[in-house]
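Inside the fold
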Amino acid sequence: MPLTRDEDIKALLEGVRTIAMIGASDRPDRPSYGVMAFLQRQGYRVIPVNPQITGEHVHGEFVFRELSQIGEPIDMVDIFRRPMAAGEAVDEAIAAGARAVWMQLGVINAEAAARAEAAGLAVVMDRCPAIEIPRLGVAPVA
C-alpha cells in the first residue's frame, strides 16, 4: 500500500536528499518547474529527467534523458507523467536503485505502485511534495 499516514510521508521526506524528477520542464508555466524550484529551496538536490530537453539546464541542473544516465544514487523519483506513463517511470526507478517513488497529484497507477513496493521501494501516490512539506512541517535539508 502506498504511504498515506502523515508520519510516514514526513519520515520519507526527511530521509531524502537526492530527487530525480521525471517530467521536469523548462517552462515556467508548468507545475514541475515550480515544484523543482521549491524542492531546491528546501535543500534537496533535484535532477531533472526529460527526453525532450536532454542536455539543457533547468534551475541550474543538467537535464538527463533517462534515470539510468544519472550515475549517482537517487533517493526518490518524483513522477510528473500521465498515469499511463507512470509505470515506465516506476520501472526505471526500480532499475536505478531508487529508494522511493512519488507520483504527483492526479498520477494514480496501482499496478506501478504494486511493482515498486514489491521491489522494496516506498510509494507515495496522488500527492505533491511542495504541498506536503509545509503541511507536515518538514525541516529544510541541511
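It should be noted that the structure appears before, not after, this text.
So, here is what we can say about the structure in this document. Since this is a predicted model, take the numbers as computed values, not measurements.

Scanning the protein chain from N- to C-terminus turns up five helices and seven strands. Shown N-terminal to C-terminal, the secondary structure of the protein chain runs as helices and strands in the order α-β-α-β-β-β-β-α-β-α-β-α. For the protein chain, whose C-alpha radius of gyration is 14 Å, the value lies close to the compact-globule estimate of 14 Å for 142 residues. The buried share among the 142 residues of the protein chain stands at 49%. When contacts within the protein chain are restricted to residue pairs at least 6 apart in sequence, long-range pairs at least 24 apart make up 58% of them. When the accessible surface of the protein chain is totalled, it reaches about 6,800 Å², and 53% of it is carbon and sulfur.

Another aspect to go through is the sheet that holds strand β5 (residues 76-79). Here five strands make up an open sheet; going across it, the order is β2-β1-β5-β6-β7 and the pairing parallel. This sheet does not close on itself; its edge strands, each paired only once, are β2 (45-49) and β7 (122-124). Taking each pair of neighbouring strands and ignoring which way they run, the sheet shows an average axis angle of 20°. Note that strand β6 (residues 100-103) and β7 share three bridges and pair parallel. Each bridged residue has a counterpart across the sheet, and for W102 the counterpart in β7 is V124.

A few words on helix α2 (residues 31-41). For α2, the complete set of buried residues consists of S32, V35, M36, A37, F38 and L39. Looking at the packing, one finds that the buried side of α2 touches β1 (18-22), β2, β3 (57-58), β4 (61-62), β5 and α5 (129-136). At the exit of α2 stands G43, carrying a positive phi of roughly 100°.

About the thresholds
Residues numbered from 1 in each chain as written. Predicted model: local features only at pLDDT ≥ 70, side-chain atom pairs only at ≥ 80, totals over all residues. Heavy atoms only, no water. Helix = DSSP H or I, 4+ residues; strand = E, 2+ residues; numbered from the N terminus. Rg over C-alpha atoms; globule rule 2.2 N^0.38 Å. Buried < 20%, exposed > 50% of the residue type's maximum accessible area, 1.4 Å probe, protein only. Contact = heavy atoms within 4.5 Å. Areas by Shrake-Rupley, 256 points an atom, 1.4 Å probe, with all protein chains shown as cover. Pairing = 2+ DSSP bridges. Axes fitted to C-alpha atoms, helices over the stretch in contact; angles between N-to-C directions.

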